[in-house]
4 protein chains.
Amino acid sequence: MTTEDSFKKPIKHANVRKDMTVSELTKEYDRCAFGAGRLAKAIHIYREMLEDDVTRFFGLAGAMIPAGMRQIVVDMIKRGDIGVLVTTGANLVHDMIEAFGGEHCHGESDADDLELKNARIDRIYDVFLADQHFTTFEKCFDAIVDDILNAHPETQFTICDFLKETGIRIDDRNSILRAAADHAVPVFCPAIADSSIGLQSWIFGYKRDLCVDAFKDIRQITDICHKAERAGALFVGGGVPKNFIMQSMLLVPKGFDFAIQLTMDSPETGGLSGATLDEAKSWGKVGEHAKTVTVYSDATITLPILVAATI
Amino acid sequence: MTTEDSFKKPIKHANVRKDMTVSELTKEYDRCAFGAGRLAKAIHIYREMLEDDVTRFFGLAGAMIPAGMRQIVVDMIKRGDIGVLVTTGANLVHDMIEAFGGEHCHGESDADDLELKNARIDRIYDVFLADQHFTTFEKCFDAIVDDILNAHPETQFTICDFLKETGIRIDDRNSILRAAADHAVPVFCPAIADSSIGLQSWIFGYKRDLCVDAFKDIRQITDICHKAERAGALFVGGGVPKNFIMQSMLLVPKGFDFAIQLTMDSPETGGLSGATLDEAKSWGKVGEHAKTVTVYSDATITLPILVAATI
Amino acid sequence: MTTEDSFKKPIKHANVRKDMTVSELTKEYDRCAFGAGRLAKAIHIYREMLEDDVTRFFGLAGAMIPAGMRQIVVDMIKRGDIGVLVTTGANLVHDMIEAFGGEHCHGESDADDLELKNARIDRIYDVFLADQHFTTFEKCFDAIVDDILNAHPETQFTICDFLKETGIRIDDRNSILRAAADHAVPVFCPAIADSSIGLQSWIFGYKRDLCVDAFKDIRQITDICHKAERAGALFVGGGVPKNFIMQSMLLVPKGFDFAIQLTMDSPETGGLSGATLDEAKSWGKVGEHAKTVTVYSDATITLPILVAATI
Amino acid sequence: MTTEDSFKKPIKHANVRKDMTVSELTKEYDRCAFGAGRLAKAIHIYREMLEDDVTRFFGLAGAMIPAGMRQIVVDMIKRGDIGVLVTTGANLVHDMIEAFGGEHCHGESDADDLELKNARIDRIYDVFLADQHFTTFEKCFDAIVDDILNAHPETQFTICDFLKETGIRIDDRNSILRAAADHAVPVFCPAIADSSIGLQSWIFGYKRDLCVDAFKDIRQITDICHKAERAGALFVGGGVPKNFIMQSMLLVPKGFDFAIQLTMDSPETGGLSGATLDEAKSWGKVGEHAKTVTVYSDATITLPILVAATI
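Report on the accompanying structure. (Residues numbered from 1 in each chain as written. Chains lettered and ligands numbered in written order. Predicted model: local features only at pLDDT ≥ 70, side-chain atom pairs only at ≥ 80, totals over all residues.)

### Some points on the overall build of chain A
Part 1 of the argument: Helix and strand counts for chain A come out as 14 helices and eleven strands.
Part 2 of the argument: Here the C-alpha radius of gyration of chain A, 21 Å, is about what a compact globule of 311 residues would show, namely 19 Å.
Part 3 of the argument: Across its three principal axes, chain A shows a C-alpha extent of roughly 70 × 50 × 35 Å.
Part 4 of the argument: Buried residues in chain A amount to 67% of all 311 residues.
Part 5 of the argument: Nonlocal contacts in chain A, meaning residues at least 24 apart in sequence, comprise 76% of its contacts between residues at least 6 apart. (Helix = DSSP H or I, 4+ residues; strand = E, 2+ residues; numbered from the N terminus. Rg over C-alpha atoms; globule rule 2.2 N^0.38 Å. Buried ≥ 20, exposed ≤ 12 C-beta atoms within 10 Å, placed from the backbone. Contact = placed C-beta atoms within 7 Å.)

This is the structure:
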């Protein structure tokens, strides 16, 4: 950017109209600065990322499934918008909870947590979840793991392969894990033990030996990086999904060509979650000429806009 | 809220579609939690706030005019959606800069500020503003103040009346100050000296005596509060606009019936900007049965949605 | 900074010991990065700012008096560490409430605000304040204003002069306003009406005419800026105090030589409160070669450290 | 808390003195609210947590080793203050980088990242790290893994055991991993693949088969929870370390008796990192009568204070 160029594009101010479409709204954001301008820029980058020769990585952190983003993610997978999914164990567990008939409910972020505990309700900010759904999850997940081991005795799985085998066995085409399996989208979850999947595997281990390797799917994701003609990353939140996607590019010469962050984490804490996409350029994770933007705003608001504007 | 009720409303997950309208998008937010759910709630409350018997206070902090929100605010005034406007000196100055022919431009938040300084460009996050527009502002504002004093010699103005007199003399119907004057919307700006209006008044003071009282428009805003059948407040950001609107209700028995905050300030700092709307209930600023919500997300994104969905 | 230089200073890691002093602790911070490193840098800058030829501006925003920072600020004034104080009306009101015998109490940030309201307790995050102290404030402040008007009938005050007259009449040498008056430290409060001082002045106005000018102390602060050999600014929080101090340097060629921010506001919202000190360089508010640092951390923790380490 | 009680403890205001000790400073924090008051409360809780019958879990997220917290953590281990350590792969890698002779350096958060890339320097906020140290890490870590496999051929390790074997072989008693091994402190790192350890294990895998199980150390941490008479958790940041420690209590009836968070993550994003410790009570992760506090402030500042005040 040169200073001269910057004065060729005045801020025109957003206009809103009754019955305008989301696409029209994002054109108004284009006329703005701050978060609106950045979201508009994210949409431009994302549109380019959706081109055929781009391998698309999607990092999904935060409690996005409990918060209501499940269908959007599933539809992204079904449309082919996600090439590689990296997420947290919690998001996968909450996806399965719904697949197994459970539901998350609208609650209050200032609820009395001891009352909730007595009512056997777990709280995730302003989402309530009846504890009984974990019981169902445990039963159903246990049956799935049994079935996996019956089909593949004495196999040592990578986490990615284990999740694929799990996905195949989920009887809900609106499950993220199932949709990913259906559409051959690899799902990575490095911290898989850090979730009820981990707890359940421990209980399961008392009856049968389940063997999932902590490291071996690094090869799978690195291979994808190597083969990618162009690579783009969309990050919802930071955490392990962001770091794992970023590091997968460390051994590839060129880095990501596109990167978009939808997050509320700010850089000032020094942690990786809030780190700027420029910082990633020093490491070579993001390419020198990459198109990047971070939108500092609630992702449950911005992700639906990003997707709706680019379908 | 009872725990039982909360389980009557499951989270249904947002769906997005090509060519969907903003109103349809916000119905999808209704199915979600976190920021999306809160924005949907804000829209329900705001719709009720737009009913005839509600006096609507609008607190506008943050650099919202440079960021591209000017037209939305002007149109809100023109539609009668704002009964009382409380804002910062900076927002009024940047409104006038545009009224006097200046423009804000798209810049970069990581620009080299010394280069900018040498190029005589002022930066507001990712907005650039040529310093020359302040020179124009000073000349035009000086002429307006001269004209005000010619018309009202030896008058001691309240800040609110001074801004009305200023607004009348701005030759741009898309100016916030002009639109407010045209539609009899009082504009309060307690920290008016904390802006280029203040600096310019100091320079002006060397030639003529301009007398604006710091306190006397408290009566004007308190009268409006007393007369309000029902009262609602929409806050963009915190700061003085939020505090001034809140305190105007301190001397009125019932407090606000509706309150919506669109902000990135969190409560954990202890400051008033990020304070919850519940905290305001302890003071009686917000009524016991008031409908309230805070949306923690970038207001340049959420304000256009809120307005587009409720026109 | 050149890249080569940066490799001359390795991070040595903090060591902590039983009975170490705060000064020793800050030497350990010097060995660290992130917030600790920035706080250490702030201490180095502040030590230089305390030299004789530096005019020191102190911007105090946030509810710092209720939170327990009153004595520290008063002692800074008494030691001559503050040359100019710019603060909010709220901080001055809470200072006076204590001067008039009231007290703030330890409360809980998740208290039930309706219960508090019924008990006539006002909440400021985790601070509780009995409403009755406002009644005392109103009575005492009313008497002071009466006395001011008796001594100076028909005077039009600047806000700064009005606060000085108020300070003189406060019978508590541990009051900020009183200490400032005792030590000839001018106190600016552009948004003075945005506080119980404003509300009370309105009630007072029904019996006598108090005339305080909104603009005229701009001259006072600008004069101080012009006369300063070197100028330094310490900001606790952002808001009007930060903006007002910053803009006071707009008409002076060289800008601040030193600037320190202790804040929880991040730049990403685009507002002035969280704006970087570099942004201020583009405007010329902060000098080209100024020494600056922002410490993103709770100021009730960092201000005591900064002061204790530099006495 | 009852409202009456709260009025028995007035805020006395902090006093700071030359040469005061950190312990004395924290007694002054006790007189304050907001962050200072919360830090003082954390110190009281932590002092109680240090009693003999408490099993102490330490969750260490964020780039705390690059930032200069390595020695403090090592000394905590040596003193017996940490019973169980849960951290990120990145923190372990940066610990080993220093053990193998590398160093982190003071840099600048606004450095030009492309310049850094060309100079082969990796940036972590305001920390610089020469890329060559990763080469050394790879070589040394490879030798360690070789040695582990020589000693334990055909073994399937848990992550915890693998880290113990690694720690034993690190020739630096100031390494976290070594100190933990020396003092029999188990180290858990569920997302171990999400770090250069993961990348290196992939390269290593081309020559020998390293087999580390993703799930099996769940049993180890759960056993510790079951055996704990009383349990306390100290969290620096959120992420996987926080979640993993919290979930380890899910299968134990009583939950944590003490919990302290030092973080900059706020609850408003809905994610687990910023979730309140009350939310954890609804799940039963934190006990009904637990003593808990969250300090929203930079942990590189607060952790040294917490430790120094309680040695």
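### Focus on the relation of the copies chain D and chain C
Part 1 of the argument: Mapping chain D onto chain C calls for a screw motion: a turn of 180 degrees about the axis and a shift of 0.0 Å along it, with 0.0 Å RMSD after fitting. In short, the pair behaves as if placed about a two-fold rotation axis. Nearest to the rotation axis, the C-alpha of Thr21(D) is located 1.9 Å from it, this being the minimum over chain D. (Least-squares fit on C-alpha atoms with pLDDT ≥ 70 in both.)

### Examining the nonpolar core
Part 1 of the argument: Counting residues in each nonpolar core, the largest one holds 478 residues, and the members touching the most others are Met96(A), Ile260(A), Met96(B), Ile260(B), Met96(C), Ile260(C) and Ile260(D).
Part 2 of the argument: Not counting the four nearest positions on each side in its chain, Met96(A) is found in contact with Phe137(A), Phe141(A), Ile170(A), Ser175(A) and Leu177(A). (Core = buried A, V, L, I, M, F, W, Y, C linked by C-beta atoms within 7 Å.)

### Focus: the interface of chain B and chain C
Part 1 of the argument: On the side of chain C, 55 residues touch chain B, which itself brings 55 residues to the contact.
Part 2 of the argument: Those elements giving two or more residues to the side of chain B that touches chain C turn out to be helix 6 (113–118), strand 4 (121–124), helix 10 (196–204), strand 8 (211–213), helix 11 (217–227), helix 12 (239–248) and helix 13 (277–283) of chain B.
Part 3 of the argument: Partitioning the side of chain B that touches chain C into residue classes produces 29 nonpolar, 14 polar and twelve charged. (Nonpolar A, V, L, I, M, F, W, Y, C, P; charged D, E, K, R; others polar.)

### Description of the sheet that holds strand 9 (residues 230–236) of chain A
All names here are of chain A.
Part 1 of the argument: What the six strands build is an open sheet, ordered 7-2-1-9-10-11; its pairing is parallel. For this open sheet the edge positions go to strand 7 (187–188) and strand 11 (286–296), each flanked by a neighbour on one side alone.
Part 2 of the argument: Where helix 3 (residues 34–49) meets the sheet, its contacts fall on strand 1 (54–60), strand 9, strand 10 (256–263) and strand 11, and the angle it forms with strand 11 comes to roughly 135 degrees. (Pairing = 2+ DSSP bridges. Axes fitted to C-alpha atoms, helices over the stretch in contact; angles between N-to-C directions.)

### Digging into the interface of chain D and chain C
Interface size, as often reported, equals the accessible area lost upon joining of the parts.
Part 1 of the argument: Across the boundary between the two partners, chain D contributes 59 residues, which contact 60 residues of chain C.
Part 2 of the argument: Where the side of chain D that touches chain C is concerned, the elements lending two or more residues are helix 1 (3–6), helix 2 (22–29), helix 3 (34–49), helix 4 (70–79), strand 3 (104–106), helix 6 (113–118), strand 5 (127–130) and helix 14 (299–308) of chain D.
Part 3 of the argument: By residue number, the principal contributor to the side of chain D that touches chain C is helix 14 of chain D, which donates six residues.
Part 4 of the argument: Broken down by class, the residue content of the side of chain D that touches chain C amounts to 31 nonpolar, 16 polar and twelve charged.

### Notes on the relation of the copies chain B and chain C
Part 1 of the argument: Once chain B is rotated about the relating axis by 180 degrees and shifted along it by 0.0 Å, it coincides with chain C to within an RMSD of 0.0 Å.
Part 2 of the argument: When the interface residues of chain B are mapped onto chain C, 100% of them are again interface residues, pointing to one common binding face.

### Observations regarding the packing of helix 7 (residues 132–151) of chain C against helix 10 (residues 196–204) of chain C
Residues and elements named next belong to chain C.
Part 1 of the argument: It is at 10 Å that the axes of helix 7 and helix 10 come closest, and there the two elements cross at 60 degrees. Taken together, the axes of helix 7 and helix 10 are oblique relative to one another. Relative to helix 10, helix 7 is oriented so that their crossing is right-handed. Contacts between helix 7 and helix 10 pair Phe-134, Phe-137, Glu-138, Phe-141, Asp-142 and Val-145 from the former with Ser-196, Gln-200 and Phe-204 from the latter.
Part 2 of the argument: Looking at the contact of helix 7 with helix 10, its residues break down into five nonpolar, two polar and two charged. (Parallel < 35°, antiparallel > 145°, perpendicular 65-115°, else oblique. Left-handed = near helix turned anticlockwise from the far one by under 90°.)

### A few points about the pairing of strand 5 (residues 127–130) of chain B
Residue and element names in this part refer to chain B.
Part 1 of the argument: As judged from the three bridges shared by strand 3 (residues 104–106) and strand 5, these two strands associate in the antiparallel manner. Opposite His-104, over in strand 5, you have Leu-129 as the bridge partner.
Part 2 of the argument: As paired elements, strand 4 and strand 5 share four bridges and run antiparallel to each other. Bridging from a neighbouring strand, Asp-122 pairs with Leu-129 of strand 5.

### Looking at the sheet that holds strand 4 (residues 121–124) of chain D
Residue and element names in this part refer to chain D.
Part 1 of the argument: Reading across the sheet, the three strands line up as 3-5-4 and stay open at both edges, with antiparallel pairing between neighbours. Edge positions in the sheet fall to strand 3 and strand 4, since each of these pairs with one other strand and no more. Strand-to-strand, the axes of this sheet are offset by a mean angle of 35 degrees, without reference to chain direction.

### Examining the environment of Val307(D)
Part 1 of the argument: Among the structural elements, Val307(D) can be located in helix 14.
Part 2 of the argument: Other than its neighbours up to four places away in sequence, Val307(D) contacts Val16(C), Ile72(D) and Met76(D).

### Considering the environment of Thr166(B)
All names here are of chain B.
Part 1 of the argument: Looking at the secondary structure, you find Thr-166 in helix 8 (residues 159–168).
Part 2 of the argument: Since 24 C-beta atoms lie within 10 Å of it, Thr-166 is described here as buried.
Part 3 of the argument: In contact with Thr-166, not counting residues within four places along its chain, are Ile-144, Ile-148 and Leu-177.

### Side note on unusual backbone geometry
Excluding glycine, residues mostly carry a negative phi; peptide bonds, for their part, are mostly trans.
Residues and elements named next belong to chain D.
Part 1 of the argument: In this structure, Phe-34 takes a positive phi of about 55 degrees despite not being glycine.
Part 2 of the argument: Of note, Arg-120 is a non-glycine position whose phi angle comes to about 60 degrees, a positive value.
Part 3 of the argument: Take Arg-120: it is sitting in the loop between helix 6 and strand 4.

### A word on helix 2 (residues 22–29) of chain A
Three or four residues apart is the spacing at which side chains of an α-helix point the same way, because the helix has 3.6 residues per turn.
Part 1 of the argument: Those residues of helix 2 of chain A lying buried are Val22(A), Leu25(A), Thr26(A), Glu28(A) and Tyr29(A). Along the axis of helix 2 of chain A, the buried positions cluster into a sector of 150 degrees, meaning they face one direction only.
Part 2 of the argument: In this structure, the buried side of helix 2 of chain A is in contact with helix 3 and helix 14 (299–308) of chain A together with helix 2 (22–29) and helix 14 (299–308) of chain B. (Arc of directions from axis to C-beta.)

### A closer look at the packing of helix 5 (residues 89–99) of chain D against helix 10 (residues 196–204) of chain D
All names here are of chain D.
Part 1 of the argument: At a closest axis distance of 8 Å, the pairing of helix 5 and helix 10 adopts a crossing angle of 80 degrees. Here helix 5 is positioned roughly perpendicular relative to helix 10, judged by the angle of their axes. Two secondary-structure elements touch here, helix 5 through Gly-89, Leu-92 and Val-93 and helix 10 through Ser-196, Ile-197 and Gly-198.
Part 2 of the argument: Among the residues making up the contact of helix 5 with helix 10, the classes are represented as three nonpolar, three polar and no charged.

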